[in-house]
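# Topology and contacts: notes
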Amino acid sequence: MQTPQGARIARIDGFEIVCTLPEPIGNAMRFFDRRVTLLLCLTDADGQVGWGETWSMPGAAAAAIRGGLAQAVLAQADGAPRVLWNAMAQTLTYDRRGVTTMAMSAIDIAAWDLAARRAGMPVARLLGGAVRHEVPAYVSGPFLKPGGDPYRDFERDIDGYLRDGFKAMKLRLGLDARAEGALLTRLRRRVGDAFPLMADLNEGATVRSALVFAQHFAPSDLVWLEEPIRHDNLPGYVQLSKALPMALAGGEALLGVTPFRDFLAQGALDVVQPDLALCGGFTEGLKIAALADAYGVPVVPHVWGTAINFYASLQFIAGLPELRGPGLRYPMFEFDPSYNPFRDMCGTVGVRSDGRIAIPDGPGLGIEVDPQQFREHLVDQWSVTL
């Protein structure tokens, strides 16, 4: 007898969307002036839908779906998420850590959203149950600005974050160790000793220069230093994990559970940050979380893109185990405060005055998605059917 969440997938719709930012923003590696993403809608034989997303290389991910993954999904008589994941995994050959995994992420998130909607429950419950219904958020900013003074808007942005209720902050740094060390010292005096501060170098340093940055940042008592070097430089992360005075975080660009295995087995990360829209969706995210739990390492998902990845990450966090860190408890939720109409397309989101954000308990991801919400940003639309 077919389970309620197992109806065949009859149609896959893709929506590639783009928006231009009011001004360029960036980090130690690059500046960007637009947001792009691929939204995916699965429709089952009963007409129910689920939504997913992948944002890093939307055009290439769309090609991977239309070129093979869609056929693997549509061929299954049972549309349950793990059935679809296994069918897609059978198509993998050489691209096990690249764009195909990103494309599978979008399908997997949509499959879990659809299955949870069919079951009339939030994804967190379908995954095994929520151990929390709210989570502390940290603001992921300020960003650097091109030309002139890259920190010119930091004071204004920080003022806004504190007014908005954020109780933890991760700054984009990595250009000038001495200047940024002084900036962090001033910020630490302002927010006090109990306020968690983090820094993200966005892969912009070498092992040697990362140690210099860490030396200048150490007096400000950072919780973690994030992605100081290239994400696939495992030997470099091993070196840094042994030398840094603060925790070492990373993983947003690691795709699938296997690279997380390699990093954790060598003690190369103190905080792992899978992005559900890139790493393989909920199905692979659960494997990563279980692996991290076995090593006693906290999971703090990287959150970027639209409302879909935003709320998927909240559903994922709902079931993560609690671990204590210096001055805080994990998990935490990454909140990107920069201009993003896609984040707010299902309603404006923010944190409460205590710096926490509620995890929705409605069916699926907890939001209702209508293509009209992003129609003005649509640059390509396609469908694959049986």
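Scoring rules and cut-offs
Residues numbered from 1 in each chain as written. Predicted model: local features only at pLDDT ≥ 70, side-chain atom pairs only at ≥ 80, totals over all residues. Heavy atoms only, no water. Pairing = 2+ DSSP bridges. Helix = DSSP H or I, 4+ residues; strand = E, 2+ residues; numbered from the N terminus. Axes fitted to C-alpha atoms, helices over the stretch in contact; angles between N-to-C directions. Contact = heavy atoms within 4.5 Å. Buried < 20%, exposed > 50% of the residue type's maximum accessible area, 1.4 Å probe, protein only. Polar contact = N/O pair within 3.5 Å; in protein donor to acceptor, adjacent residues only side chain to side chain. Left-handed = near helix turned anticlockwise from the far one by under 90°. Nonpolar A, V, L, I, M, F, W, Y, C, P; charged D, E, K, R; others polar. Parallel < 35°, antiparallel > 145°, perpendicular 65-115°, else oblique. pLDDT = per-residue confidence, 0-100. Salt bridge = Lys/Arg side-chain N within 4 Å of Asp/Glu carboxyl O. Expected span 1.5 Å × (residues − 1). Right-handed = clockwise from strand over helix to strand, strands pointing away. Phe/Tyr/Trp six-rings, centres within 6.5 Å; stacked < 30°, edge-to-face > 60°. Lys NZ or Arg CZ within 6 Å of the ring centre and 35° of its normal. Disulfide = S-S within 2.5 Å.

This part is about the sheet that holds strand β3 (residues 49-54). Taken in spatial order, the four strands make up an open sheet running β3-β2-β1-β14, and their pairing is antiparallel. Two strands bound the open sheet, and with one partner strand each, they are β3 and β14 (378-385). In this sheet, neighbouring strand axes are inclined to one another by 20 degrees on average, regardless of whether the strands run parallel or antiparallel. Here helix α3 (residues 99-119) sits on the sheet in contact with β1 (9-26), β2 (31-44) and β3, set at roughly 155 degrees to β3.

Here we take up helix α8 (residues 234-243). Every α-helix carries 3.6 residues per turn, so stepping three or four residues along brings you back to the same face. Restricting attention to buried positions, one finds in α8 the residues L234, G236, Y237, V238 and L240. Residues of α8 that are buried make contact with α7 (207-217), β8 (247-250) and α9 (257-265). N-capping of α8 is provided by N233, with a side-chain oxygen placed 2.9 Å from the backbone N of G236.

What follows is about the packing of helix α1 (residues 58-74) against α3. Packed helix pairs are characterised by how far apart their axes lie and by the angle those axes make with each other. For the pair α1 and α3, the least separation of the axes is 9 Å and the interaxial angle reads 65 degrees. Handedness of the α1/α3 crossing: right-handed. Residues A60, A61, A64, I65, L69 and V73 of α1 lie in contact with α3, whose contacting residues are V99, T100, A103, M104 and I107. Its residues placed into classes, the contact of α1 with α3 shows ten nonpolar, one polar and no charged.

All right, on to the packing of helix α5 (residues 154-164) against helix α6 (residues 177-191) then. At a minimum axis separation of 13 Å, α5 and α6 run at an interaxial angle of 25 degrees. On the basis of the axis angle, α5 is roughly parallel to α6. Judged by the twist between their axes, the crossing of α5 over α6 is right-handed. Residues F154, E155, I158, D159 and L162 of α5 pack against L183, L187, R190 and V191 of α6. When the residues that make up the contact of α5 with α6 are grouped by side-chain class, the tally is six nonpolar, no polar and three charged.

Attention now goes to the confidence of the model for the chain. Confidence in the prediction for the chain averages 96 pLDDT; 99% of positions are at 70 or higher. Note on residues 1-5: pLDDT is under 50 here. Beyond four places in sequence and across chains, it has eight contacts.

With that out of the way, let us pick up the pattern of salt bridges. Applying the stated criterion to the full structure yields 24 salt bridges. In this structure, the salt-bridge partner of D200 is K170, at a minimum N-O distance of 3.7 Å. Of this pair, D200 sits in strand β6 (residues 197-200) while K170 sits in strand β5 (residues 169-172), and the two are 30 residues apart along the sequence. Taken as a pair, D200 and K170 share a single burial class, namely buried. Here K170 makes a salt bridge to E226, at a shortest N to O gap of 2.9 Å. Taken together, the residues span a long stretch of sequence, with K170 in strand β5 and E226 in strand β7 (residues 224-226) at a distance of 56 residues.

Turning our eyes to something else, we now look at helix α11 (residues 281-294). For α11, built from 14 residues, the straight-helix expectation of 20 Å at 1.5 Å per residue is met to within 8% by its first-to-last C-alpha distance of 20 Å. Considered for burial, the residues of α11 that qualify are G281, F282, T283, E284, G285, I288, A289, L291 and A292. G296 lies just past α11 and shows a positive phi near 70 degrees.

A few words on the pairing of β8. Judged from the three bridges that link them, β7 and β8 form a sheet pairing that is parallel. Its bridge partner being in β8, L225 is matched across the sheet by L248. The handedness of the β7 to β8 crossover, carried by α8, is right-handed. Two strands pair when backbone bridges link them, and β8 and strand β9 (residues 271-272) are joined in this way by two bridges, in the parallel orientation. Bridge assignment links A249 to a residue of β9, and that residue is V271.

A few words on the packing of aromatic side chains. A full pass over the atoms with the stated rule returns 15 aromatic pairs. Three or more aromatic residues joined by ring pairs form one cluster here, namely F166, F310, Y311, F333 and F335. The ring of W304 carries R35 above its face, with NZ or CZ at 4.3 Å from the centroid.

Another point: the environment of L84. Tracing the chain through its elements places L84 in helix α2 (residues 81-89). Separated by 23 residues in sequence, L84 and I107 have C-alpha atoms that sit 8.5 Å apart. Among residues more than four places away in sequence, those in contact with L84 are I9, L42, V73, Q76, D78, G79 and A111.

A separate point is the state of the cysteines. Scanning the entire structure with this criterion turns up zero disulfides. Cysteine C41 is unpaired, with the sulfur of C346 as its nearest cysteine sulfur at 12 Å. Under the relative-accessibility criterion, C41 is labelled buried at 6%. Note on C346: relative accessible area 23%, which makes it partly exposed.

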